[in-house]
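Take a look at the letters that make up each chain.
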Amino acid sequence: MPRLVMKFGGTSVADLDRIRNVARHVEREVKAGYDVAVVVSAMAGKTNELVAWCREASMIHDAREYDAVVASGEQVTAGLLAIVLQSIGIPARSWQGWQIPIETSGAHGSARILGIDGSKISAHFEERREVAVVAGFQGVHAPTGRIATLGRGGSDTSAVALAAALEAERCDIYTDVDGVYTTDPRIVSKAKRLDKVSYEEMLEMASLGAKVLQVRSVELAMLYGVKTYVRSSFDDPTDPKPGTLICDEEDIVEQQTVTGIAYSKDEAQITLRRVADTPGVAASIFVPLADAAINVDMIIQVVSRDHATTDITFTVPAGDYARARTLLEELQPKIGYESLEGATDVVKVSAIGVGMRSHAGVAAKAFKALADKGVNIRAITTSEIKFSMLIDAAYTELAVRTLHSLYGLDAA
Ligand code: ASP
Ligand code: MG
């Protein structure tokens, strides 16, 4: 029998009615002849509640016990969905990470999947045609036998990894939107659903702020060539819509230059004024930041006129801003800058598209369009298939809308 992995996010299993609706989606695929493994998230809001309880219990806590607590949300939904499936006559069994097992690293709270043994689930497929209902977001750290979780949004990664391990025909990720959009439909009403998007573009979109999929899940899908659909669980289970297929670039016939516009508010800017323009200065700033596990994204260093001093501007995640500032202030005598300026009311707007590889002037067009609207660009970075601009947060909507129509993405 061909195999299928179906993943349902928190809003899709938010209560028993929705879990019943999920069961009907599963029933459809079982009747179509698939052996099905379903991966479920915790009910909407549940993981946040569990995380908050851990913090309330003690602000500083053992990461292994954090995992013991937060992994419970998925266990509840896996069991409930198995009960509901059985009640409509579909053989089903729930599986926790350790029972499969899904082996992970020991980085509790943000563990990586090391391997999945699909043999037990496969045996249940073959012997009993039984649906496997798998608790997402969790696995087991084999040397200690302890539960480990995969980081927020990790059920997506559970699903794609399971699809690879079971050699499933597809991995269908059901969520509360009907696919991947050209940009956030809450900001741009003319945003369009994409029929197809390449792994690489999806990876950039996920990394640059589009929240549909966990970044790691897209990396895995790309690595193992897992055909992944993003689709809506709120569709009529008897008449589902296709959603968005994430696939190889070669499988997309009508490639646009720009496929999507993403934005991220999770940015903060730091500028060091009048830093000595001598070898080793960049290292004296960025090595300590790296040692403190602070991810630096955009970096601009101006060529100095007098060869004596220069300004360096860079961005860090908003959550690390205070820590980065304190660290650099402590290092001020060593680095030897004149002053430090920071801004948190900034946003990074990015345009993504594999077509950029073969077209010149794609970014230039954006700079002009934003200038015409009076939007000042604070920093720019580019790579082969994307460019990003840091702007004042107040202009987010204007900038996203402007770029969306500039690259012909507006729905008719
Ligand atoms: N329940 C976990 C979270 O909220 C994992 C997931 O839903 O993917 O992050
Ligand atoms: Mg999610």
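Residues numbered from 1 in each chain as written. Chains lettered and ligands numbered in written order. Predicted model: local features only at pLDDT ≥ 70, side-chain atom pairs only at ≥ 80, totals over all residues. Heavy atoms only, no water.

S.K.: Even after reading the chapter, I still don't get the site of ligand 1, so can you show me in this structure?
M.R.: The environment of ligand 1 is formed by Ser41, Ala42, Thr47, Glu74, Phe137, Arg152, Gly153, Gly154 and Ser155. In the model, an oxygen atom of ligand 1 is placed 2.9 Å from a nitrogen or oxygen of the Ser41 side chain. With respect to ligand 1, the backbone of Gly154 contributes an N or O atom lying 3.3 Å from an oxygen atom. Looking at the shell around ligand 1 residue by residue, the class counts come to two nonpolar, five polar and two charged. (Near = heavy atom within 4 Å. Polar contact = N/O pair within 3.5 Å; in protein donor to acceptor, adjacent residues only side chain to side chain. Nonpolar A, V, L, I, M, F, W, Y, C, P; charged D, E, K, R; others polar.)

S.K.: I would appreciate a short explanation of unusual backbone geometry in the present structure.
M.R.: In this structure, Pro101 follows Ile100 across a cis peptide bond, with omega equal to -15°. Relative to the helices and strands, Pro101 is located in the loop between β3 (92-95) and β4 (102-104). In the Ramachandran plot, Arg129 falls in the positive-phi region, its phi being about 50° despite a non-glycine side chain. Within the fold, Arg129 resides in the loop between α5 (119-128) and β6 (131-135). (Helix = DSSP H or I, 4+ residues; strand = E, 2+ residues; numbered from the N terminus.)

S.K.: Please clarify how the side chain of Thr244 should be interpreted in this entry.
M.R.: Summarising the element assignment, Thr244 is placed in strand β12 (residues 244-247). Taking relative accessible area as the criterion, Thr244 reaches 0% and is therefore assigned buried. Of the polar contacts made by the side chain of Thr244, one reaches the backbone nitrogen of Val180; its length is 2.8 Å. Ignoring sequence-local partners within four residues, the contact set of Thr244 consists of Asp178, Gly179, Val180, Arg193, Leu194, Asp195, Lys196, Val197, Thr228, Tyr229 and Val230. (Buried < 20%, exposed > 50% of the residue type's maximum accessible area, 1.4 Å probe, protein only. Contact = heavy atoms within 4.5 Å.)

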